[in-house]
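Take a look at the letters that make up each chain.
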Amino acid sequence: GNSVTQMEGPVTLSEEAFLTINCTYTATGYPSLFWYVQYPGEGLQLLLKATKADDKGSNKGFEATYRKETTSFHLEKGSVQVSDSAVYFCALSGTSYGKLTFGQGTILTVHP
Amino acid sequence: DVKVTQSSRYLVKRTGEKVFLECVQDMDHENMFWYRQDPGLGLRLIYFSYDVKMKEKGDIPEGYSVSREKKERFSLILESASTNQTSMYLCASSDWTPGSTDTQYFGPGTRLTVL
């Protein structure tokens, strides 16, 4: 079946540091890949997505590239802000009703 | 903007009680989902519905049932709540169709504590 593995957290960074959160997946077929973010006290919201190999999703300074050869979708940001503190989830969508399979989530804390 | 609302942000129930969690979406989406979120486990799919009165089990349906009598409303039911059902419950909706990659939109979550 499908599965998603994220790097273990929590991740603690200083403001303006470079961020990478690793995500690898196992899936049959050609899934779409997503990063969702959950700010404190809120539900999840879509951060970015990619639908086919070599696609790059980007939003709010975050980027991730769909790498089929390494089955990865790592999240990066060049300079994090305190407001980026949140939980980040990597997910994939198969072909059945758009069901999502999530990774375990990575807690990011950014200090001033 | 798509809006998904959940009936309660926090809920405290006793073991053995019947619990209803309600979710409403305002975008006429066909598909609705219930997940539970636990630390270190991410989100796990409990049930989903792809049409009114149509439902399918997700990965962890045991101890839960669902109801979808109207398109905009999807209810999660805990027939007899147990302490291991203490969790954050998230509802989502999407307008997925075959060949699309439609986004799922999430509600704010209900944190359920079963004593």
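I will try to describe carefully the structure that is included in this document. (Residues numbered from 1 in each chain as written. Chains lettered and ligands numbered in written order. Predicted model: local features only at pLDDT ≥ 70, side-chain atom pairs only at ≥ 80, totals over all residues. Heavy atoms only, no water.)

Now for the overall build of chain A. A count of helical and extended segments in chain A gives zero helices and 12 strands. For chain A, the succession of helices and strands along the chain, N to C, is β-β-β-β-β-β-β-β-β-β-β-β. Since a compact globule built from 112 residues should have a radius of gyration of about 13 Å, the 13 Å found for chain A is in line with a globular shape. Its C-alpha atoms give chain A principal-axis dimensions of about 45 × 30 × 20 Å. (Helix = DSSP H or I, 4+ residues; strand = E, 2+ residues; numbered from the N terminus. Rg over C-alpha atoms; globule rule 2.2 N^0.38 Å.)

Reports often express the size of an interface as the amount of accessible area lost when the parts come together. Between chain B and chain A, the residue contacts involve 21 residues of the former and 21 residues of the latter. Counting each side, the surface lost to burial between chain B and chain A is near 1,700 Å², with a carbon and sulfur contribution of 58%. On inspection of chain B and its partner chain A, the count reaches four residue pairs in polar contact (both at pLDDT 80 or more). At the level of elements, strand 4 (31-38) and strand 5 (42-51) of chain B are the ones that each hand at least two residues to the side of chain B that touches chain A. It is strand 5 of chain B that contributes the most residues to the side of chain B that touches chain A, five residues altogether. When the residues that make up the side of chain B that touches chain A are grouped by side-chain class, the tally is 11 nonpolar, eight polar and two charged. (Contact = heavy atoms within 4.5 Å. Buried area = accessible area lost by both parts, 1.4 Å probe. Polar contact = N/O pair within 3.5 Å; in protein donor to acceptor, adjacent residues only side chain to side chain. Nonpolar A, V, L, I, M, F, W, Y, C, P; charged D, E, K, R; others polar.)

All names here are of chain A. What the rule picks out here adds up to two disulfides over all chains. Paired through a disulfide, Cys 23 and Cys 90 show a sulfur-sulfur distance of 1.9 Å. Between Cys 23 and Cys 90 the sulfur-sulfur dihedral comes to about -70°; the bridge is accordingly left-handed. In this pair, Cys 23 sits in strand 4 (residues 23-26) while Cys 90 sits in strand 10 (residues 86-93), placing the two residues 67 residues apart along the sequence. The two residues Cys 23 and Cys 90 agree in class, both being buried. (Disulfide = S-S within 2.5 Å. Buried < 20%, exposed > 50% of the residue type's maximum accessible area, 1.4 Å probe, protein only.)

On to the side chain of Ser 93 of chain A. With respect to the secondary-structure elements, Ser 93 of chain A resides in strand 10. With residues near it in sequence (within four places) discarded, Ser 93 of chain A still touches Pro 31, Ser 32, Phe 34, Gly 98, Lys 99 and Leu 100 of chain A.

A few words on the nonpolar core. Grouped together as the largest cluster of nonpolar side chains are 26 residues, with contacts concentrated most on Leu 19, Trp 35, Leu 47, Leu 48, Phe 73, Leu 75 and Tyr 88 of chain A. For this core, the elements supplying multiple residues, two or more each, are strand 2 (11-14), strand 3 (19-21), strand 4, strand 5 (32-38), strand 6 (44-50), strand 8 (62-65), strand 10 and strand 12 (106-111) of chain A. No other element matches strand 10 of chain A, which puts four residues into this core. Core analysis: the second largest hydrophobic core is formed by 20 residues, Val 4, Cys 23, Trp 34 and Leu 78 of chain B among them. (Core = buried A, V, L, I, M, F, W, Y, C linked by side-chain atoms within 4.5 Å.)

A separate point is the sheet that holds strand 7 (residues 56-59) of chain A. All names here are of chain A. Taken in spatial order, the four strands make up an open sheet running 3-9-8-7, and their pairing is antiparallel. Sheet topology places strand 3 and strand 7 at the edges, where each strand pairs with a single neighbour. With strand direction ignored, the average angle separating the axes of adjacent strands in the sheet is 15°. One ladder, built from three bridges, connects strand 8 with strand 9 (residues 75-77); its direction is antiparallel. (Pairing = 2+ DSSP bridges. Axes fitted to C-alpha atoms, helices over the stretch in contact; angles between N-to-C directions.)

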